[in-house]
Amino acid sequence: MFLKPDYLIKGDITDIDIDMLSQAGIKGLILDLDSTLVVPHSAALSTEAGAWLERACERFKVAIASNNKDEVYLDQIRKILTIPVVGKAAKPSRKAFHRLLSDFGLEAGQVAVIGDRPLTDIWGGQRAGMKTILVQILKCQKEPAWKSRVRNLERVFIRSN
Ligand SMILES: [Mg+2]
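To keep things clear, this report deals only with the structure shown in the data block. (Residues numbered from 1 in each chain as written. Predicted model: local features only at pLDDT ≥ 70, side-chain atom pairs only at ≥ 80, totals over all residues.)

**Some thoughts on unusual backbone geometry**
Okay, so step 1: For the peptide bond that leads from K91 to P92, omega is 20°, which places it in the cis range.
Okay, so step 2: Position of P92 relative to the elements: it lies in the loop between β4 (85–86) and α4 (95–104).
Okay, so step 3: Even without being glycine, H41 reaches a positive phi, approximately 70°.
Okay, so step 4: For H41, a count of 11 C-beta atoms within 10 Å corresponds to the exposed category.
Okay, so step 5: With a phi close to 50°, A43 is a non-glycine residue in the positive phi region.
Okay, so step 6: Position of A43 among the secondary structure elements: in the loop between β2 (28–31) and α2 (47–59).
Okay, so step 7: Among the residues examined, A43 registers 16 C-beta atoms within 10 Å and is labelled partly exposed. (Helix = DSSP H or I, 4+ residues; strand = E, 2+ residues; numbered from the N terminus. Buried ≥ 20, exposed ≤ 12 C-beta atoms within 10 Å, placed from the backbone.)

Given below as structure tokens:
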């Protein structure tokens, strides 16, 4: 099985070209949380990610769908973000994506899912009929070597062409 995201970003979320997405007809964004928008367990937004999110919110409907189950952490995130945050999304399940889609009032093809994990974010987004954007983990994030190995292993399933 191979997964082919619509967009394969060489950098992190802040390297996504907002104008390009807008021109491609995207009207809504569903973002993964951990490693995509914030460093896991940090409950803090970097200046760069914050600036990117602010620009994105001017152009698109934006929400978070996270597999994180920690309600205390998710509430901390809700305090620093002004967008809807859905936890326990169980991606690649389509449930959270469908729920946000109806909140957005958009068609699936007008929404892009952005995430760092092929088997949850990208697969789930594709199953929901949405556009998908695979990003690298945040540049400011340091992770143990075993995690990088697992991450790279998962990317074996990714086709860039
Ligand atoms: Mg993630």
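There's plenty left to go through after this.
**Details of the sheet that holds strand β3 (residues 61–65)**
Okay, so step 1: If you trace the six strands from one edge of the open sheet to the other, you get β1-β6-β5-β2-β3-β4, paired in parallel fashion. Taken across any chain shown, the strands that pair with only one partner, and hence form the sheet edges, are β1 (7–8) and β4.
Okay, so step 2: Alignment of β1 against strand β6 (residues 131–134), held across two bridges, turns out to be parallel. For L8, the partnering residue across the bridge sits in β6 and is L134.
Okay, so step 3: Helix α5 (residues 118–127) contacts β5 (111–115) and β6 of the sheet and is inclined by roughly 175° relative to β5. (Pairing = 2+ DSSP bridges. Contact = placed C-beta atoms within 7 Å. Axes fitted to C-alpha atoms, helices over the stretch in contact; angles between N-to-C directions.)

**A short note on the environment of G87**
Okay, so step 1: Counting through the fold element by element, G87 comes out in the loop between β4 and α4.
Okay, so step 2: It is 20 Å that separates the C-alpha atoms of G87 and G50, two residues lying 37 residues apart in sequence.

**Some details on α5**
For an α-helix, the turn length of 3.6 residues means that residues three or four places apart are oriented alike.
Okay, so step 1: Counting buried residues along α5, seven of its ten residues qualify, which places the element largely inside the surrounding structure.
Okay, so step 2: Residues of α5 that are buried: P118, T120, D121, I122, W123, G124 and G125.
Okay, so step 3: Summarising the contacts, the buried residues of α5 are in contact with α4, β5, β6 and α6 (145–154).

**Side note on the pairing of β3**
Okay, so step 1: Counting buried positions over the five residues of β3 gives five, a clear majority of the element.
Okay, so step 2: A two-sided burial pattern is seen for β3, the buried positions comprising K61, A63 and A65 on one face and V62 and I64 on the other.
Okay, so step 3: Examined bridge by bridge, β2 and β3 share four bridges and lie parallel to one another. If you follow L31 over to β3, its bridge partner there is I64.

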